[in-house]
Structures are given as C-alpha cells and as structure tokens.
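# Geometric and topological summary
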Amino acid sequence: MTLTISDVKRIADLAYIEIDDREAQETLQQLTGIFTLIESMQAVDTASVEPMSHAQSVTQRLRDDAVTETVDRALYQSIAPQVEAGLYLVPQVIE
Amino acid sequence: MFNTSLKQLSTQLAEKKISSIELTTEFLKRIKQSNPEYNAFVTVNEDISLAQAKAADQMIAAGNAQPLTGIPIAQKDIFCAKGWLTTCGSKMLANFVSPYDAGVIERFNQAGAVNIGKTNMDEFAMGSSNETSYYGIVKNPWDTAAVPGGSSGGAACAVAARLAPAATGTDTGGSIRQPAALCGISGIKPTYGLVSRYGMIAFASSLDQGGPMAKSAEDLALLLNVMVGFDPRDSTSLQREAEDYARDLEKPLAGLRIGLPKEYFAEGMSSDVARAIEAALNEYRKLGAQTVDVSLPNASLSIPVYYVLAPAEASSNLSRFDGVRYGHRAASYTDLADMYRKSRAQGFGAEVKRRILIGTYVLSHGYYDAYYLKAQKLRRLIAQDFAQAYEQCDVIMGPTTPTVAFNLGEKSGDPIQMYLSDIYTSAANLTGMPAMSIPIGFGDKNRPIGLHIIGNYFKEAQMLNVAHQYQQVTDWHLRSPV
Amino acid sequence: MQWEIVIGLEVHTQLSTQSKIFSGAATAYGAPPNTQACVIDLALPGVLPVLNQGAVERAIKFGLSVGAKINSPSIFARKNYFYPDLPKGYQISQYESPVVQGGSITIQVDGTEKTVRLTRAHLEEDAGKSLHEDFHGMSGIDLNRAGTPLLEIVSEPDMRSSAEAVAYAKTLHGLVRWIGICDGNMQEGSFRCDANVSVRPLGTDKLGTRCEIKNLNSFRFLEKAIDYEARRQIEILEDGGTIRQETRLYDANKDETRTMRSKEDANDYRYFPDPDLLPLEISARWIDQIRSALPELPQARCNRYITGFALPAYDASVLTASRETADYFEAMAQELPEHAKLCANWIMGDVNGQLNKDGIDIGDCPVSPAQLAALLKRINDGTISGKAAKTVFDSMWQGELDRNADAIIEAKGLKQISDDSAIEKIVDQVLAANAQQVADYRSGKEKAFNSLIGQIMKATQGKANPAQVNAILKKKLDQ
C-alpha cells in the first residue's frame, strides 16, 4: 500500500481538518512510516479468527425507559461559543 | 507528611493529629512552589480544594470518615469535574469548564477526598512523553532533562515530586504504567470495565481505563477501593460484587508462578533495564516465587494493532469537537465547513491530528477490512496468547518500558520511536487485562526503572499482593527525588 | 417504450418512548429549544450512551408483527459524518445485524392484494434541528430532538407505482400506530419517508439507476414526488440520457425534485461497531413475552370482519385502518351482532364525517360506541326513522341529554307513529280532504300518490313510519 498526497487530503477532508500543502507533505511522510509499521499485521493469517471488539464478552445492559436527566440549559450554554434565544448558532446551514 | 502513606495519613486524620485543611494547605503550598518548574498541574483551585477539605474535616468530626476522607488527590485533567476547567491537555478545551462530574470524581467526592488540582497530560492522552500537551511540557522530577512519560505525565510527576499524596491516571496503551515507571512510582490499570469511563474524556473507548497512581501498592489498593465500582451510565461498566483490594496484601508469595514471556526479554530492552528486572526477579525468587518461561507469539503485533484500533476509535470520538456547543471555535471562517475545518485544525495539536487522520484512513471505504477488521482479529489472537500463558503462571512480568526516561525533545519529532514506548504495555489494553508498574531501581543517568506486572482478568488483589510483598523487602518505592 | 417504475421506501418512525434512546432526557415534542438536550445529547466530552429498553422492545414488537427475524446479538455501529445537528459527529445506528431482519407487509391497491418485502428495520438516534431563520446570517441549532429513538424500516424495491408506495406507507403507518410503537404524527415528523425510485423498460429484470428522494412528510407528497421523479427519469432515458445516482429533495411548492447531493460527493460514513455499546442479546423468552402481548394485527382483524361479520372487503379494510376505528366498530358490533353492516355504514359515514369536520380522531369521538349502538337499535326496532336518527346523532354529538338516544328521541318527539290504526285514521282524514287527488290517482295519475304521502307526513309532522304509510295508503286507494 502506498499513500499519496491526495489520500492525505481526502482523509483530512473527511476528518474536517484544514491542512495546507506543506502539512500534507509532512503528514504523508509520517503516515507512510506508521503504515509501514502497521503493515506487519498482514503477515498473520486470520481467516478463521473472529474479530474482537470488546475486552469483555459481556452483553449490552438496558436502561428502563424513564426520564432521569435534568437539563440546565443556561449552564450548558455558558460554555458555548455562540448562542441566541436558547439556540446554538453556526454559520448558515445550506441544504 | 509528604512521604507518608495514605494509610498513615488516614490514621493521622482520624486521630486528629492533622486536619484536612492543614494537609491540603501544605500540598497547595508545595504545588505553588514547585509547579512552575515541573508544570505537573494545569489547574489549581485553592477555593474549591479548601472547601472540600473543610467538608472532609466535618465528616471526620462527625465520625463519618472513610479511608480517603480528607486526603488530597490530584486528578488527571481528562476527568470532567463540575466547576473545574477540564482541558484534556488541549487548546480545544482551553475554556471548557465542565458542567458535570465524571463517575470517578463522584466516587472520590463521596469518599470525602479533596481534589487538589488537575494534572497535565498529553493532549487527549495521545503521547508517551507529555510533550503533546498544549499546556507545556512536564519535567521528570528525577532529572529535569528527562520526560516524565505520558500520557499521565503530570500525575506521575506530581506523585514522584510529592506534590500530591496520590493521583488518578488513565491508560489506553500504557498511559498510567509508562509514566509511573519513568517517574519511579506505582500505578495500576485495572481490568477494563472496573472503573467507570463516564466523564473520562474518551480517547479509544474499548481500551481506555482509569486507575490510580501512588507511591506504593498499598496506596493503590486503597485508591482502587474508591475508584472501582459499577456505574449504570457506562454500558461497559461491569456489575460485580465489591471487593477489598487490600485484603491479600500480606499473603506470602510462596508458590507464586511468575511467567516470563520470552518475547519481552528479547532485543530492544536496554541493558540497564534488563539488569534491574533480573534483580527484581531474584527478589521474587527469594520470596518463594518461581519463574516459568511462557510465550506470547503475537505480542509483537500489539503496537501495529494498537495503532490501528486506538486511532480508529479516536477519530470518531474526537468528532464531537466541532466548535458548535463548547470548545475552540476559529475566530474567522468563510462558511460552516470552513468553521469546522479551521476550528479543528487550530484546536488540535499535531499528534492528535495525526492520529485522527490514521483512524479516518483505516475506517474509510475500501480499507476497513484490511486494517480495522484485521486488527480486531489479531486482538483476539493476542488475547488467546495471554489466556494460554495464564494456564502456566499466575502473573506475567517484564519491563514496563524498554529504556529509562528519554530526554525531552529526543523523540518528539519521530512518532514511530515514540509509539514504540508502548511496546510492552499496549497488549494489556487490547486484552483488557489488569497491569501495573512498580519501581525496582535506577538505570542510566540514575533514572527510574519499572517492573511490569500483568495479571489475569480481575486479579488486581493478587497483583497488589505481589507488588506489596516486593515493597516490603525493598525500598525503591520510598525513594524520592525531592 | 413502456416503462416500469420501481420503488423502495425507507421510513423513519420515531418510537413513542418517554426518554431518548441513549439518554434519560425527555422526548416530548415542542419544548423550548435545547431544554430537552441533556449532557449526553449535547455530546459533552466524556459522556456515554446506555440503551433504552423501551426502544428495543418497540423494535421487536414491529419485527414480530411483520413476521421478521429478530437478530441476536444485534450490533450498534457509528455512522460518521459532520453536521451541526449531529452533536457527536456520528450517529449511533445499526449496520450489520440490525434488530429486525426481513418480514413483509400486505397492501391493498384497487382491490388487489400485494406483498411488499422488508429488507430490515434498525434502531438509531434522531438528529437535532437546524433552524434556518436568519440569526444575523447564521443558523440556530436545537438539539431537543437529538437522540430520539428511530426505527428505520427499509423495504425491498417491490412497489411499481406511486399508488402502491402510498398504500404501503399508509399500511405501515397504520401498523406502527396499531401496535403502539409510534404516534404516527406526520406534521411533527414522527413518520418520515424517503423513496428510492428507478425506472426500467417493462419486462426487463435489471434495476435502473435509482435516485433517493428525501423529506417526504405526507402521503400526498410521497405520491407526487414519485410521479414527478419517474416522469423525469423516463424523459431523460427517452432522450437518450442516463440517470445519475443521487439524493434529491422534493419541493412541494414547485412540485418537483431537485438534486441535493450526488453519489460522488456522498459521505464515506466509516461505519464501525460502537465501542461504547456492547452486543445486544435478545432472549427467546423476551421475544415470547412481547409476542404474547401483541394485539390482534390489522390484517387478521380485517379477515375476521370479512368472514365473521360478512363485511365487504372494502369496509373491513377501512375499519381496520386504525386500531381505534376497529375497536370502535367492534364495540358496536358486540351490541348489534346482526347488524354489523349498519354499524360499518354509520362509522364510515356519519361518524367519520363529523370527526373530519371537527378535526378529531375516533379515539376522542364524543359519542361512544354504546351510545351510538343504542341509537341504531331504535332504527332497527322502528322507533325512529333513519332520517330522525341523524337528528338524534347530531344532538348526541353536541352532548345533549347525556348523549342518551332514547331521552333525545323523547325530548324531540321523534318517535315514529307505527301504530296501524293511528296511521289509518290519519290516512282516512287526508283522503277525505283531498277527493280531487284521490280521483286523479284512480284515473291513472301516479304523481297524485306522492302528493298524498306528503300530505300524510305533514299531518303527522313527519313521524309516521313511511313504509307503513305507503302500504296503508296503497291499500286504501286500491280498495
């Protein structure tokens, strides 16, 4: 697998992180090194192995359907970048 | 006072030889003096700490004291604490005053402990040297040219420099154990699911686990007694009967089988570390333990597997930092997408961005099977290796880190070298098994060396016993750089 | 060329739980902005999801009522994309192993029955809302809806016309309300449809390139959007063009669909199992419990009405469109087992008419089934005429005299004169007073008969039983 500069830009775009050409170039070099390390995984045959998502083989616990949370909007919005009339403001959303 | 164990502090508080106000004031004074040099704390809030101390003194006076009541604890800045600035080491959260308490913070509050301050850390816990923190580097109190390790570098430094009697950390790939080893203190990452992750800012959800960092195994046991417990707000929190982690501390070690994975004693380990490990093993043999050779054939894949799974989960966990509801928002932007891109580019540091990009890549269309799924399969193989090894032994031992603390700046330009710092520690996160580090001596430049003890699931009490017995016959854990 | 339209629907139903799918915040509609968004819904750093049992139970209920397989374990996955109304930057949804797999729904179109297969139905969380009113050139975000449980029900591309799609959507709408998992309120967005539409030459098997039309929040829009989209695609193909796979929005004002985003710039959602949530095990015992508590389903009731009450298929399907209507009918039919058709006529006619006029649901009908049945009994036993019954019904609707039919009949003097001798007496009087018309009739002028009937009814103030009047008058004139 060979990473390219356009891969780096595509994933930065997907991750919504602005990246300029110089950063992209530097990132490409670093990621190429890291992926060389990661590629060593491919040497092991895992065809018959079940993937392991969780450290414990336990199952999901369910919550009773009840309203248990209280909402302190003023407190929560005191740390927001921009609010008005109880709403979080963002640059215009266009559909 | 600064070298006193938690148990002794508790007794002194109970006997009213000292008040929590006095104790807290002394530590705050000490932080004020030394923090400018070490930078172990990001936030200190004397008013809140002293108010908690006052309340603790009242609890003690009323006869309602619990073992940790009145004792100052340094909290890693990854735990949300109501009314406290909670930065997670990031510019992104430079103004984030948490409106709620993490499960761990609640448990310490209920126990009457005092929050003495929020400790510095690698940004979003991504790093092994504490150099990725937006709030500056932390120095190793044994040698200020050296890193303290990371990501819980501030916590390790605070305990080693005696700025706090004990601290909390979190461990995703070694973030409790590696800094504990490099700073010459004790630290334990419990079995995944024992300590609530609610309110602990997520790095890699399936690997993250909070745990205590302290001077001794005995202190760790007392801290675990408070930190461990079911939390219904965390789906991965385990419902188990409460246990006293100090119950087995005094058990003799005769007959203990210590597994030595040949893969952990291969090349890569420096000679000073190898010597210290051998000496520690000899102490264990003297204590009646026997060593057995075991093998973890897939252990060498821990780093590649870890550096697929952790960034993948992180890339998604860190998507919530978008400058909409809290956190950093860029001052100028052209439109919504630009606001996102600039806020995130400015709010995250280089290492965090690097890991988000790795994670985004391995999850992206066409690469999922080759990376993410493959890594999850290897994760199972690694867990099976450990399960097999535990058929032959009770605990596994080896070095916590391949070398003593490296110099500040030495690896910060080379991510791969930095990632290899976790070479012995990340497997315990992948498997979810408990693991700890205790100080066993000094190596090059008189920097501390840690012994890594990995146990089977839920064997914390036994591991603490193993560590405590060693600490009864050695004094490495009592050494202090100050 | 003849074209065939191929339609599959994805329907988002909001589940009628008290609290959100992964948090304990309330789901009630219409609260002031962000007052129902708790720390978990706001995705503050460190918060975690815990699954609501009520949401899972409703999904299972749905699965059982469409004959689907319930997957266990069922897995929750993260769908990653950025949008200001999506606080975590990912939506917790299901990808592999949804709770509900397969199943089918039977629909009626123009008197014929058709089966639409379901692909799956999965649980996920709803997003918040972006309010596009101009806040100094910015949008406002309300996260009250964020985290509301949704069951996304995905059909196979089994529908061939907008009429079938609407019939499917209506049947599904009726079903989710019937089993009580969704309030079905389309204005409030509780039931939202996306339509996948493609066309192909009639008689071919290969599916054409499809477009997904989003945001169809009424059955009418669903129908019009599909019709427009199919025409658009056919025109392009007939002009030798090709269809581009894309997501389109229906603009109700212009009655057209327009491009929202094309496949090329579609998101790469990077689905992966959510590490904060564990595999969901659904035990056979739990499934059995839910199954045994399921109400009789609309299809079964419809069949029972046809066979048990001898109702026409059309009536049976109208009466089983909602559980409330069916329950109303059944309560009446219990009182009047021999007159089910009369009950059906009244429900579909006068009752529905009044309900529509007042804009209320049958569940809130002011006249109870027992009260209405009491009224119909008086028609059957000849106490009142059908015409008078409507007057009584109006009074009952207004709440007069405790909606007691007999009391109203009494008070309004609407009782029919059904006594033969009494009617004969009046007929005799009228005949005596209208000798000319009697003569006219007898000389063959049929019209005079109706005139005489009118005179008699007038003389009885309309209370005489018309059938009896008819018979007696005829008898007397023909003597």
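Keep in mind the model is a prediction, meaning the values are calculated, not measured.

## Section: the overall build of chain A
Scanning chain A from terminus to terminus reveals three helices and three strands. Secondary structure elements of chain A occur, N-terminal to C-terminal, as α-α-β-α-β-β. A compact globule built from 95 residues would reach a C-alpha radius of gyration of about 12 Å, whereas chain A, at 22 Å, exceeds it by more than 25%. With respect to the three principal axes, the spread of C-alpha positions in chain A is 55 × 45 × 25 Å. Looking at chain A as a whole, 43% of its 95 residues are labelled buried. Within chain A, contacts between residues at least 6 apart in sequence are counted, and of these 23% link residues at least 24 apart.

## What to know about helix H2 (residues 162-178) of chain C
Residue and element names in this part refer to chain C. For H2, which comprises 17 residues, the first-to-last C-alpha distance of 24 Å matches the rise-based estimate of 24 Å (1.5 Å per residue) to within 8%. Along H2, 13 of the 17 residues are buried, which leaves the element largely enclosed by surrounding structure. Phi for Gly-180, located one or two positions after H2, is positive at around 75 degrees.

## Digging into empty space enclosed by the protein
Residues and elements named next belong to chain C. Per the stated rule, a full pass over the model turns up five cavities of 30 Å³ or more. Looking at the largest cavity, its volume works out to about 160 Å³. Lining the largest cavity are 19 residues, and of these Phe-22, Ile-40, Asp-41, Lys-88 and Glu-125 lie nearest its centre. Split by residue class, the lining of the largest cavity holds eleven nonpolar, two polar and six charged.

## Some remarks on the pairing of strand E4 (residues 77-80) of chain C
All names here are of chain C. Both faces of E4 are covered, namely the face carrying Ala-77 and Lys-79 and the face carrying Arg-78 and Asn-80. Examined bridge by bridge, E4 and strand E5 (residues 90-93) share four bridges and lie antiparallel to one another. Paired with Ala-77 across the bridge in E5 is Ser-93. Sheet topology places E4 next to strand E16 (residues 272-273); two bridges connect them, and they run antiparallel. Note on E16: the bridge partner recorded for Ala-77 is Pro-273.

## Details of the packing of helix H1 (residues 53-65) of chain C against helix H4 (residues 284-293) of chain C
Residue and element names in this part refer to chain C. Here H1 crosses H4 at 70 degrees, and the two axes come no closer than 10 Å. On the basis of the axis angle, H1 is roughly perpendicular to H4. Relative to H4, H1 is oriented so that their crossing is right-handed. Each of Gln-53, Val-56, Glu-57, Ile-60, Lys-61 and Leu-64 in H1 lies in contact with H4, whose residues at this interface are Trp-286, Ile-287, Ile-290 and Arg-291. Its residues assigned to classes, the contact of H1 with H4 comprises six nonpolar, one polar and three charged.

## Thoughts on the sheet that holds strand E2 (residues 83-84) of chain A
Strand order in the open sheet formed by four strands is E2(A)-E3(A)-E10(C)-E9(C), with antiparallel pairing between adjacent strands. The strands lining the two open edges of the sheet, one partner per strand, are E2 of chain A together with strand E9 (129-135) of chain C. Examined bridge by bridge, E9(C) and strand E10 (residues 138-142) of chain C share four bridges and lie antiparallel to one another. Following the sheet pairing, Leu131(C) is matched in E10(C) by Gly140(C).

## Topic: the interface of chain A and chain B
Contact with chain A, which involves 50 residues of that partner, is made by 72 residues of chain B. Taken over both partners, the interface formed by chain A and chain B buries close to 5200 Å², and the fraction arising from carbon and sulfur atoms is 67%. Inspection of the region where chain A meets chain B yields two salt bridges. Here Asp13(A) and Arg341(B) are joined by a salt bridge, their closest N and O atoms 3.0 Å apart. At the boundary of chain A and chain B, one finds 21 residue pairs in polar contact (both at pLDDT 80 or more). At the level of secondary structure, the elements contributing two or more residues to the side of chain A that touches chain B comprise helix H1 (5-14), helix H2 (21-38), helix H3 (73-77) and strand E3 (87-91) of chain A.

## Here's the deal with the sheet that holds strand E5 (residues 186-189) of chain B
All names here are of chain B. The strand order across the open sheet built from eleven strands is E1-E3-E2-E4-E6-E5-E10-E11-E9-E7-E8, with neighbouring strands paired in mixed fashion. The open sheet has two free edges, formed respectively by strand E1 (41-43) and strand E8 (290-294), since each of these has just one partner strand. Between one strand axis and the next, the sheet turns by 35 degrees as a mean value, whatever way the strands run.

## A few points about the side chain of Glu4(C)
Residue and element names in this part refer to chain C. Its location among the elements puts Glu-4 in strand E1 (residues 3-14). The exposure class assigned to Glu-4 is buried, which follows from its relative accessible area of 17%. Within polar-contact distance, the side chain of Glu-4 engages the side chain of Arg-160 at 3.5 Å.

## Some thoughts on the state of the cysteines
Residues and elements named next belong to chain C. In total, this model carries zero disulfides over all chains according to the counting rule given. Cys-193 forms no disulfide, and the closest cysteine sulfur to it belongs to Cys-182, at a distance of 11 Å. Cys-302 forms no disulfide, and the closest cysteine sulfur to it belongs to Cys-343, at a distance of 17 Å.

## Description of the interface of chain B and chain C
Facing 39 residues of chain B, the contacting portion of chain C comprises 31 residues. Carbon and sulfur atoms supply 60% of the area buried between chain B and chain C, which totals about 2800 Å² over both sides. Per-residue buried area on chain B facing chain C is highest for Ser235(B), Arg320(B) and Arg325(B); these three make up 22% of the total on that side. The tally of links from chain B across to chain C stands at one salt bridge. Residues Arg197(B) and Asp276(C) are paired through a salt bridge, measuring 3.1 Å at the closest nitrogen-oxygen approach. Between chain B and chain C we count 16 residue pairs in polar contact (both at pLDDT 80 or more) in total. Listing elements by their share of the side of chain B that touches chain C, those giving two or more residues are helix H9 (302-317), helix H10 (336-347) and helix H11 (350-363) of chain B. It is H9(B) that provides the largest number of residues to the side of chain B that touches chain C, a total of four residues. Split by residue class, the side of chain B that touches chain C holds 19 nonpolar, eleven polar and nine charged.

## A look at the packing of aromatic side chains
All names here are of chain B. Taken as a whole and judged by the stated rule, the model has 37 aromatic pairs over all chains. Geometrically, the ring pair formed by Phe-124 and Phe-321 is tilted, given 4.9 Å between the ring centres and 50 degrees between the ring planes. Here Phe-124 is found in the loop between strand E3 (114-119) and helix H5 (153-160), whereas its partner Phe-321 is found in the loop between H9 and H10, with 197 residues between them in sequence. Judged by centre distance (5.5 Å) and plane angle (20 degrees), the ring pair of Tyr-284 and Tyr-470 falls under stacked. Taken together, the residues Tyr-284 in helix H8 (residues 271-286) and Tyr-470 in helix H15 (residues 460-473) connect sequence positions 186 residues apart. Of the two residues, Tyr-284 and Tyr-470, both sit in the buried class. Taking the ring centre of Phe-458 as reference, the NZ or CZ of Arg-240 above it sits at 3.6 Å.

## Examining the pattern of salt bridges
A complete count under the given rule lists 57 salt bridges over all chains for this structure. Between Glu351(B) and Arg355(B) there is a salt bridge, with the nearest N and O atoms lying 2.7 Å from each other. In this pair, Glu351(B) and Arg355(B) both sit in helix H11, four residues apart, roughly one turn of the helix. Like Glu351(B), the residue Arg355(B) is buried in the burial classification. Linking Asp126(C) and Arg145(C) is a salt bridge whose minimum nitrogen-to-oxygen distance equals 3.4 Å. With Asp126(C) in the loop between strand E8 (112-125) and E9 and Arg145(C) in the loop between E10 and strand E11 (149-155), this pair connects stretches of sequence that are 19 residues apart. Classification of Arg145(C) by relative accessible area gives partly exposed; the value is 21%. Overlapping salt bridges bring together Arg197(B), Asp234(B), Arg78(C), Asp274(C) and Asp276(C) as one network.

Scoring rules and cut-offs
- Residues numbered from 1 in each chain as written.
- Chains lettered and ligands numbered in written order.
- Predicted model: local features only at pLDDT ≥ 70, side-chain atom pairs only at ≥ 80, totals over all residues.
- Heavy atoms only, no water.
- Helix = DSSP H or I, 4+ residues; strand = E, 2+ residues; numbered from the N terminus.
- Rg over C-alpha atoms; globule rule 2.2 N^0.38 Å.
- Buried < 20%, exposed > 50% of the residue type's maximum accessible area, 1.4 Å probe, protein only.
- Contact = heavy atoms within 4.5 Å.
- Expected span 1.5 Å × (residues − 1).
- 1 Å grid on protein atoms, 1.4 Å probe; cavity = no way out; pocket = protein on both sides within 12 Å on 5 of 7 lines; lining within 4 Å.
- Points joined across faces, edges and corners; volume = space filled by probe spheres on them.
- Nonpolar A, V, L, I, M, F, W, Y, C, P; charged D, E, K, R; others polar.
- Pairing = 2+ DSSP bridges.
- Axes fitted to C-alpha atoms, helices over the stretch in contact; angles between N-to-C directions.
- Parallel < 35°, antiparallel > 145°, perpendicular 65-115°, else oblique.
- Left-handed = near helix turned anticlockwise from the far one by under 90°.
- Buried area = accessible area lost by both parts, 1.4 Å probe.
- Salt bridge = Lys/Arg side-chain N within 4 Å of Asp/Glu carboxyl O.
- Polar contact = N/O pair within 3.5 Å; in protein donor to acceptor, adjacent residues only side chain to side chain.
- Disulfide = S-S within 2.5 Å.
- Phe/Tyr/Trp six-rings, centres within 6.5 Å; stacked < 30°, edge-to-face > 60°.
- Lys NZ or Arg CZ within 6 Å of the ring centre and 35° of its normal.

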